[in-house]
Amino acid sequence: MGSRCVGVLILIAGAVSLVGQSVSAVSPDAIAAGRQLFEKSWSPQNPALMGNDGLGPLFNGQSCAVCHRQGGIGGAGEAEFNAKSISIESMHVSGGPINPDVVRQAIRGFHPGFIDPRAGIVNSLSLAHHGGTSAFAASRDAFMQKIPALFSDNGGSVNAAEVRLANATPILYSSTDGNYQTTIRARMFQRNTTPLFGAGLIDQVTVKQLRAVEREQTKHPEISGRLSTLASGGIGRFGWRGNVETLLDFCDQACAAEVGLETRRINQPADPMAPAYRNPTFDISDSQIKAIAAFVAGLPAPTREIPQDSDRRMMAARGEQLFASVGCAVCHRPTLGPAAGIYSDLLLHDMGPNSYDLNPADPYIVRATPVTRMDFAVDSETSVSRTMVDDTVMGTAYYGGKYSMEPGATSTIAGQSSSVNTATSKSAIPTRPSVMVSRYEYRFEAAPVPPMTLRFVNAESQSKSWQTTKTDSQLVENRVNRANRERTASGRDSYTTENTTTTTHNIRQTRTDYTRLHLEPTYFTQEWRTPPLWGVRDSAPYMHDGRAETLLEAITMHDGESKGTRDRFLTLSLEDRQAVIEFLKTLVAPPNAPQPGS
């Protein structure tokens, strides 16, 4: 990653009860129950009758096993099962005064799904394969028609070549609404189904072991993998971006995102064409999610299949040596902690601009510091009382004289509120260089690095209130207003009053303790977790989006940090390159993986 500098980004992270929990030893019955849930074909339900809505309303597959199937239940998925998203690269609005409502209206014309009810305007929309209202289905079809690639009825591209075509095709949108002109450039991104064999061993890799590999790579002249640092304070191990800490978290999130099953922590994907709809409860219980995670943790790890033919066996052995000598094994480590034969370091690596995706990795947190902010809110009210000291003033009311102001009478002079915040201006919401706004123009350009400078997490606030009162008295000499026919009982031209001023302060102090995360800017749109190569022969297509049909294509698509390694491989003789491929073909799915119907 070259020279490093430190920045800071702001984001409030919510607590999740399952975060950080690993799958512990469970009974065979729980594993059997987990397999049933993994293979279960979920169906929609009437929430009025069943209490939950079951499958969907938006989903990519009716079961986990629909996609995780190569080499057995829990394996990788073909390109036709790729998950899809539409992400905006750039947006321009002009033609009149710019305000949030104008920008929202402009992006709503492209697709209302880019307006998140909690996060506001976002630049990425998950395009679920199935379900949703007819309006959502029509909008999905409209996107698909803008891309000349062929897609399967299962939702993803039909093969790796079509993935590449879809990647290369920008989605262009322009509209005019009154005086306003809007242009948007977007792109489709895809994610291939990851194999789950050996996931239980990956779950046991410790943070200490990952940090040791990260430190080791800082000394390498080309490779500089980094930990996937999460806002929760954990370190990620799962997912293409490595942004999921534990296997239990992975299963929890997948149930919601892929099958549309609401969990206690993760909301099912919402249909943007029906924003008012809410699932009345969750669709899958914690015990069921834990059972699924137990089944996945128990899946066997992939193995080696040594060729019976002696020539091929010798070629594979030489290929393994070449694999290490050209540098592949720096990232694709044969062993990591308890995961023998994994061929991965589980770190994030910059794979070059051709691997960018606008659903980025979590920013790299290099330091966390505790910070306390004190906020004071003061509500003040001032009252003035006037009491006659030596005389009585009589006015000119129709019914004779009376005291225009009785002793002890109180009138409110002023009521005011003020708030004092001890936080400096740097604690405010930061400006984002990806968004540029002037009076008559709005521009968005997706930033290749984290666009903000501060990140606050684990915020906890405590408040206390109290009241203070201050009283001041002053004798005031008052002149009689002869023009208004005022007079004193004694006939003098003046009279004395005691003016008492009472000021009450209602003070509220709020103490907020949070963690400020210091970030190292990285090209997080093109950083990917090193995929484990165990079982690689049985997990085509390759790369995060399945754009490589063969192992040779996958190697040639390496760039960024791995460019030097790729080039050394490509300069090998044809025979040596074939030897490396022969070695990789010995990494196969576990022969004892559960099979459908078994």
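Since the model is a prediction, treat every value here as computed from it, not as a measurement.

## Here's the deal with the layout of surface pockets
- Taken as a whole, the second largest pocket holds about 180 Å³ of empty space.
- Taken together, 14 residues line the second largest pocket, and the ones lying closest to its centre are R211, T229, I235, I365 and V366.
- Elements supplying a minimum of two residues to the lining of the second largest pocket: α7 (207-217) and β14 (364-388).
- For the lining of the second largest pocket, the leading source of residues is β14, giving five residues.
- For the lining of the second largest pocket, the per-class residue count stands at eight nonpolar, three polar and three charged.

## Describing the packing of aromatic side chains
- For the structure on display, the rule yields nine aromatic pairs.
- When the centroid spacing of 6.1 Å and the interplanar angle of 40° are considered together, the rings of F238 and F250 count as tilted. Taken together, the residues F238 in the loop between α7 and α8 (247-259) and F250 in helix α8 connect sequence positions twelve residues apart.
- Given the relative accessible area of 5%, F238 is considered buried.
- We classify F250 as buried; its relative accessible area is 17%.
- Relative to F583, the ring of Y343 has its centre 5.7 Å away and its plane inclined at 65°; by these criteria the two rings are edge-to-face. With Y343 in the loop between β12 (339-340) and β13 (348-350) and F583 in helix α14 (residues 574-584), the pair connects residues that are 240 residues apart, well separated along the chain. Each member of the pair, Y343 together with F583, is buried.
- Three or more aromatic residues joined by ring pairs form one cluster here, namely F110, F114, F143 and Y173.

## Side note on the side chain of N52
- Turning to its location among the elements, N52 is positioned in the loop between α2 (47-50) and β2 (58-59).
- Residue N52 is classed as buried on the basis of its relative accessible area of 15%.
- For N52, the side chain forms a polar contact with the main-chain nitrogen of G54, separated by 3.3 Å.
- Setting aside chain neighbours within four positions, we find N52 in contact with Q45, N46, P47, N279, P280, T281, F282 and D283.

## Some thoughts on helix α5 (residues 160-168)
- Those residues of α5 that fall on the buried side of the exposure criterion are A160, E162, V163, A166 and N167. Each buried residue of α5 sits inside an arc of 155° when the element is viewed along its axis, so together they form one side.
- Tucked into the core, α5 has its buried residues touching β9 (180-191).
- For α5, the capping residue at the N-terminal end is N159, with a side-chain oxygen 3.1 Å from the backbone nitrogen of A161.

## Side note on the pattern of salt bridges
- For the structure on display, the rule yields 22 salt bridges.
- In this structure, E216 and R333 form a salt bridge, with 3.2 Å as the shortest nitrogen-oxygen distance. Of this pair, E216 sits in helix α7 while R333 sits in the loop between α11 (328-331) and β11 (335-336), and the two are 117 residues apart along the sequence.
- Assessed through its relative accessible area of 46%, E216 is described here as partly exposed.
- Of the charged contacts, one joins D286 and R265 as a salt bridge, the two residues approaching to 2.7 Å between their closest N and O atoms. You can see D286 sitting in helix α9 (residues 286-297) and its partner R265 sitting in the loop between α8 and α9, a full 21 residues away along the chain.
- Through salt bridges that share partners, D559, K563, R566 and D567 make up one connected network.

## Quick notes on the packing of helix α10 (residues 310-325) against α14
- α14 packs onto α10 with a crossing angle of 100° between their chain directions and a minimal axis gap of 7 Å. By the angle between their axes, α10 is roughly perpendicular relative to α14. Two secondary-structure elements touch here, α10 through R312, M315, A316, R318, G319, E320, L322 and F323 and α14 through E575, D576, Q578, A579, V580, E582, F583 and L584.

## Topic: helix α4 (residues 134-145)
- Counted at 1.5 Å a residue, the expected span for α4 with its twelve residues is 16 Å, and the 16 Å between its end C-alpha atoms agrees.
- Among the residues of α4, those classed as buried are F136, A137, S139, R140, F143 and M144. Along the long axis of α4, the arc covered by the buried residues comes to 160°, so they all point the same way. Exposed residues pointing more than 90 degrees away from the buried face of α4 are listed as S134 and Q145.

About the thresholds
Residues numbered from 1 in each chain as written. Predicted model: local features only at pLDDT ≥ 70, side-chain atom pairs only at ≥ 80, totals over all residues. Heavy atoms only, no water. 1 Å grid on protein atoms, 1.4 Å probe; cavity = no way out; pocket = protein on both sides within 12 Å on 5 of 7 lines; lining within 4 Å. Points joined across faces, edges and corners; volume = space filled by probe spheres on them. Helix = DSSP H or I, 4+ residues; strand = E, 2+ residues; numbered from the N terminus. Nonpolar A, V, L, I, M, F, W, Y, C, P; charged D, E, K, R; others polar. Phe/Tyr/Trp six-rings, centres within 6.5 Å; stacked < 30°, edge-to-face > 60°. Buried < 20%, exposed > 50% of the residue type's maximum accessible area, 1.4 Å probe, protein only. Polar contact = N/O pair within 3.5 Å; in protein donor to acceptor, adjacent residues only side chain to side chain. Contact = heavy atoms within 4.5 Å. Arc of directions from axis to C-beta. Salt bridge = Lys/Arg side-chain N within 4 Å of Asp/Glu carboxyl O. Axes fitted to C-alpha atoms, helices over the stretch in contact; angles between N-to-C directions. Parallel < 35°, antiparallel > 145°, perpendicular 65-115°, else oblique. Expected span 1.5 Å × (residues − 1).

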